[in-house]
6 protein chains.
Amino acid sequence: MRLLVINANTSDIVTEKVAAQARRSASPGTEIVPVTGTFGARVIATRAELAMGEHSTIVLAARHAEGCDAVVVAVSYDTGVRAARELLPVPVVGMTEAALHTACMLGGRMGIILFGRRVLPLYQELVASYGLSSRIAGWRALESTAAYGRGTHDELDREIERTACDLVERDGAEVVVLTGAVMAGVPARVQGAVPVPVVDCIDAAVRQAELLAQLKLPKPTAGSYALPPPRELVDVDHAIAARLGRGA
Amino acid sequence: MRLLVINANTSDIVTEKVAAQARRSASPGTEIVPVTGTFGARVIATRAELAMGEHSTIVLAARHAEGCDAVVVAVSYDTGVRAARELLPVPVVGMTEAALHTACMLGGRMGIILFGRRVLPLYQELVASYGLSSRIAGWRALESTAAYGRGTHDELDREIERTACDLVERDGAEVVVLTGAVMAGVPARVQGAVPVPVVDCIDAAVRQAELLAQLKLPKPTAGSYALPPPRELVDVDHAIAARLGRGA
Amino acid sequence: MRLLVINANTSDIVTEKVAAQARRSASPGTEIVPVTGTFGARVIATRAELAMGEHSTIVLAARHAEGCDAVVVAVSYDTGVRAARELLPVPVVGMTEAALHTACMLGGRMGIILFGRRVLPLYQELVASYGLSSRIAGWRALESTAAYGRGTHDELDREIERTACDLVERDGAEVVVLTGAVMAGVPARVQGAVPVPVVDCIDAAVRQAELLAQLKLPKPTAGSYALPPPRELVDVDHAIAARLGRGA
Amino acid sequence: MRLLVINANTSDIVTEKVAAQARRSASPGTEIVPVTGTFGARVIATRAELAMGEHSTIVLAARHAEGCDAVVVAVSYDTGVRAARELLPVPVVGMTEAALHTACMLGGRMGIILFGRRVLPLYQELVASYGLSSRIAGWRALESTAAYGRGTHDELDREIERTACDLVERDGAEVVVLTGAVMAGVPARVQGAVPVPVVDCIDAAVRQAELLAQLKLPKPTAGSYALPPPRELVDVDHAIAARLGRGA
Amino acid sequence: MRLLVINANTSDIVTEKVAAQARRSASPGTEIVPVTGTFGARVIATRAELAMGEHSTIVLAARHAEGCDAVVVAVSYDTGVRAARELLPVPVVGMTEAALHTACMLGGRMGIILFGRRVLPLYQELVASYGLSSRIAGWRALESTAAYGRGTHDELDREIERTACDLVERDGAEVVVLTGAVMAGVPARVQGAVPVPVVDCIDAAVRQAELLAQLKLPKPTAGSYALPPPRELVDVDHAIAARLGRGA
Amino acid sequence: MRLLVINANTSDIVTEKVAAQARRSASPGTEIVPVTGTFGARVIATRAELAMGEHSTIVLAARHAEGCDAVVVAVSYDTGVRAARELLPVPVVGMTEAALHTACMLGGRMGIILFGRRVLPLYQELVASYGLSSRIAGWRALESTAAYGRGTHDELDREIERTACDLVERDGAEVVVLTGAVMAGVPARVQGAVPVPVVDCIDAAVRQAELLAQLKLPKPTAGSYALPPPRELVDVDHAIAARLGRGA
């Protein structure tokens, strides 16, 4: 199986961390095909960057999905997931979406750790858009950017552990989801200090993408995720035009 | 006052219809500045087109907002509204959002008429994202594309009248919202045959945009709608870079 | 345009403060017609007073709406708004309702400041009745009654500033709504110290009332806001009887 | 025990029907004290009449509650219940509220039968205000006014039976609530033809009022249902003033 | 009247405390028939014990309901209530369910006191299953097990008083519900120190069970609470088989 | 890997059908260990049977989980899942829960097909308990019992196809979930006639159970899914006692 892993951030370091975890998570025989955004934010963390990221994701999806069996969107706002799911003939799953649904099968209400108070509303809107707000026990925003360097970050790991434990103790979280593409691989390091499961979004997403591919369900031909009849488009990426446009 | 009216669709006919209604709705002394998308779908109606439209809206916003007092996004999925609201120093309002909130002050639950069953989920997701799902009495999807030609369309007008009346009679709608940028100006033509108010989204949006501008409230400097500190961006539109980027 | 501004409280000081702000908010050429309740509480703040206030509002509405183009109910529980909206041929808007819908177009979730812990449930019930509970980031109740005197109140202004900032910092409010008819005009004084927009309910309501009037939408003839067929009434105010009663 | 039964409608026929059922429902030794509104609508069925009814209910409550152990508000919009609950030292329960909570203990989701499509939104708003919307399987509005005459009404009874059965068959209702003060006593007549329990609101309310009285719980001294400190009032009913006002 | 009171816990001390309060709450002439679980947990407080308790409740219900007019399930998770309600021809009510609905008629939002943080999610799931989550002001979990001894427990009573007051002051609770079968009788002891009503679940349940029996509503013959056609069962308790099984 | 597949129904034919599909769905090297209930209903379809099934599931779980890496509960009400998840050290997933979460990653809102109108409320309660009600587009109940025989059932397959298409066309379902353990394997037969993915609950559950096992997350030691300290139990199954009881 080939899994396309889309990082719509224009930052190789994030792609590297994601790809490393994706390879650890993938089944034997699954090839990970990581791609990085060519335009937009280094690290998507504003609403305007999200808007560009939506576009970037489908450009990458249209260009690189050929020959892939499923797609993981490795931006933690699940940027462009719905659009790519419509556009491609194979399953597409967002990293946060995958983690949330996986967490739902592991316990009751979950705690969410994210980076930057500023983006808390973006995650709350995302979770609400999945209809899962009632499954959230609590939220915590950390401010560290240590993860964007290479290597590990012991101090941040300790902060994540303390935060996860606090979510368990004060908010009654029964599972913890650690958001952020750059956090790929971190849950395994902190799990030992946390009394409930800590879900790694990339780990969950790679496995859920494989699962969805293995179900071998057909692309819908009705509804908002079917491929539409050829569309009239202006000045769009050639790969998108080839999939969506008139004359395709 | 100058109002920027963004049509992220790449179709002049829609811009024309929107601009005509916007000028009818605007206060004396308000100048309407209509702009049309330069890339993407002629008429946004798929999730992939929506993703491109998000980007298109903020490109247009960044390029043309200078000197404007407020912005109307004249795409009926309110495409890019949240991103433009973050990016710009002036109020930004989506046409559907404006109509929904206006309708809430006119009656109880409202009926929504839209075009194309395929996009019904997109509208339902939009309304849910505003927290307004409980205010909806019923939905109706029409399939006509007659509005995309020039001039009026009597047959479609009659269908809209029948549909609005059906929403009133069977679903108990106390207000009707007619979605679609291309529908600008139509509510006034059908109102006479409908026993409850029919809201014109462009009419509502232009007036709400003026209202928000007149409140003279400051741009937030905290939260997800504040302008962020300068961001590291790659290959983005110069106007976006100028507003959002490092070195701006 | 003539705007009827109904203060169902029987306190001239509140009417004065409301009228002063209403005149600042109104468009040139709009005449503000303020009226004060003739029976009931000096300042509505209990459920029993609210019940009398419902009645008082429609008495005032029936007596004074003639010749007016729209009505603002300047009681912050939006007391009697739904009843007056049914009774009158012109738009009726509540001050809190107007502020809430306006705030929805300015940011994400909002913080609400109110006066008196005792009335917190009344506001929560009001917001829930509009279907907007999910848009609230947090609530704060202050206990001061300083605003019921004439002139300004620096100490209370400082407390409002601190409270608004606290809603931003701890609850993530992206807009703040300051409730209370007597608070008309205060947001402009405190805005400078608060990093997100602070909405003045009277400012919002006057402008929304003008907007609704300018839409020139017809009075519904179906649903719960249509004028009913003449009703059999006993010993009611002559102005209500004239509008609603048999023989009217 | 003495139970005050408040009919804020100004129609003796409704009071008679309510009182007759109340006496059938009351425990041996319970005295029913029925009172009728002195001003307002013959039969409350519009929003303006509801506003007057709120006032009327508390006037009746204040005048007649002395010596009573509990109060039933026998208007099916539970008009003024919250206000009377605040004002009086004894339990107050609305007829619809009582039926809804009773029905919740009898099955899963319930069907609601009401009279007049126009008032459907009023009932939906009422149920939502109790937080019980998710417990409703379906709604049916009948248009008959036959019940406002004396004696029984076989044809209407048959229509109610058919409607209740339809709620069971098509909407999956597991209990049926028949709203309307004038419907007191009807459920017993139609129950034989309906395969699920049909709740009589007056029956439920009288019994719940007795139950609440027997709990002998104290009047709250905190929160929005406590009696407030003496209030400054203008030109209010002497009985209200005596309970609520300054100098009381 | 005879009321079956089912304690599915296998602990006589709990049954004793429940029965004592039930007898205080019952009307003159009502006989209380208390029964205790024969298998399962001494005190149900885990999900696995709840699963056994579901079974235990219906075994007790099937064996002992003969000749009874209504049933109270005296396990505070309302364990097996829905199953027993289906199985038996008479009304069945859970102690927590009864308290919640009763509390709804006494005030606005309520505070819930429970024992053991571990079971907080179980109560939250229970309340959500009744559709009543929006009526909850706050939750408090105490850790004491003092109530499982005989006699009173002054220290725990004081802690309950402080906790109830804290729910009123900080969370705005307008009623307090004290969960736990073993707490039967305690609310009367602490009420004096708490400014809002404290509901005793057994008190509420016994009275609601009597009320439901007095309504004399028929057992449903449609829906999920009707008795099904005879079922094919394997190795089940003879009393359950007699009511539910083929050949019954 | 070894997967325990629990059929708490006491019917071998259901176990056979489930096991056959489970073996088709399992990864190479995964051993399926199917077990059948020893007491209770042949086919769980009433609330009383559900109560016994809760108990049956944990008896089977406690007896047979040794040496297994994960557990699937193959009863479509996910009977006993939460209890087994608490009791066992390995992941436990319900067949319907797995299908619902999987479907969420495949499209927007889903249609649910179930068997027997009587059980519709049970499924609605189940979905609500997962917080997923807003993800449901529509429900359909079929009455056929043809699936309980051996072999295939062409006529029922055709009815399922028609029903699925109807959910797509009228309710806008973008995915369809076919509930019922006995339906294992049917979705693959009908998929060709349905324009959106049809999820096989056993297929989804087996794969999700494998996925959860592969995540190698620890058993929680806090919250309602942790194993409690040894419990005092009376006359319970020896395997449950060994895992949960004092002296274990």
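Residues numbered from 1 in each chain as written. Chains lettered and ligands numbered in written order. Predicted model: local features only at pLDDT ≥ 70, side-chain atom pairs only at ≥ 80, totals over all residues. Heavy atoms only, no water.

**Concerning the overall build of chain A**
- A count of helical and extended segments in chain A gives nine helices and 10 strands.
- Against the compact-globule benchmark of 18 Å for 248 residues, chain A has a radius of gyration of 18 Å, which places it among compact chains.
- Once the C-alpha set of chain A is aligned to its principal axes, its extents read approximately 60 × 35 × 35 Å.
- When burial is assessed residue by residue, chain A has 69% of its 248 residues classed as buried.
- Long-range contacts, defined here as pairs at least 24 residues apart, represent 71% of the contacts in chain A between residues at least 6 apart. (Helix = DSSP H or I, 4+ residues; strand = E, 2+ residues; numbered from the N terminus. Rg over C-alpha atoms; globule rule 2.2 N^0.38 Å. Buried < 20%, exposed > 50% of the residue type's maximum accessible area, 1.4 Å probe, protein only. Contact = heavy atoms within 4.5 Å.)

**Points about the relation of the copies chain A and chain B**
- Overlaying chain A on chain B yields an RMSD of 0.0 Å, the required transformation being a rotation through 180 degrees with an accompanying axial translation of 0.0 Å. Overall, the copies show the geometry of a two-fold rotation axis.
- A shared binding surface is used by both copies, with 100% of the interface residues of chain A retained as interface residues in chain B. (Least-squares fit on C-alpha atoms with pLDDT ≥ 70 in both.)

**Quick look at the packing of aromatic side chains**
- Summed over the entire model, instances satisfying the criterion amount to six aromatic pairs over all chains.
- Seen from their ring centres, Tyr77(C) and Tyr123(C) are 4.8 Å apart, and the 40 degrees between their planes marks the pair as tilted. Placement of the pair is Tyr77(C) in the loop between strand S4 (70-73) and helix H3 (81-87) and Tyr123(C) in helix H5 (residues 120-129), with a sequence separation of 46 residues.
- On the basis of relative accessible area, Tyr123(C) is assigned to the buried category, the value being 3%.
- Here the basic side chain of Arg85(B) rests over the ring of Tyr225(B), its NZ or CZ set 5.9 Å away from the ring centre. (Phe/Tyr/Trp six-rings, centres within 6.5 Å; stacked < 30°, edge-to-face > 60°. Lys NZ or Arg CZ within 6 Å of the ring centre and 35° of its normal.)

**As for unusual backbone geometry**
Residue and element names in this part refer to chain A.
- Here the phi dihedral of Asp78 falls at roughly 55 degrees; this positive angle occurs in a residue that is not glycine.
- Relative to the assigned elements, Asp78 resides in the loop between strand S4 (70-73) and helix H3 (81-87).
- Positive phi, close to 50 degrees, is recorded for Lys216, a residue that is not glycine.

**Considerations on the pairing of strand S4 (residues 70-73) of chain D**
All names here are of chain D.
- Residues Ala70 and Val72 line one face of S4 and the alternating positions Val71 and Val73 line the opposite face, and both faces are buried.
- Two strands pair when backbone bridges link them, and strand S1 (residues 2-7) and S4 are joined in this way by four bridges, in the parallel orientation. Paired with Leu4 across the bridge in S4 is Val71.
- The pairing of S4 with strand S5 (residues 92-94) spans three bridges and is classified as parallel. (Pairing = 2+ DSSP bridges.)

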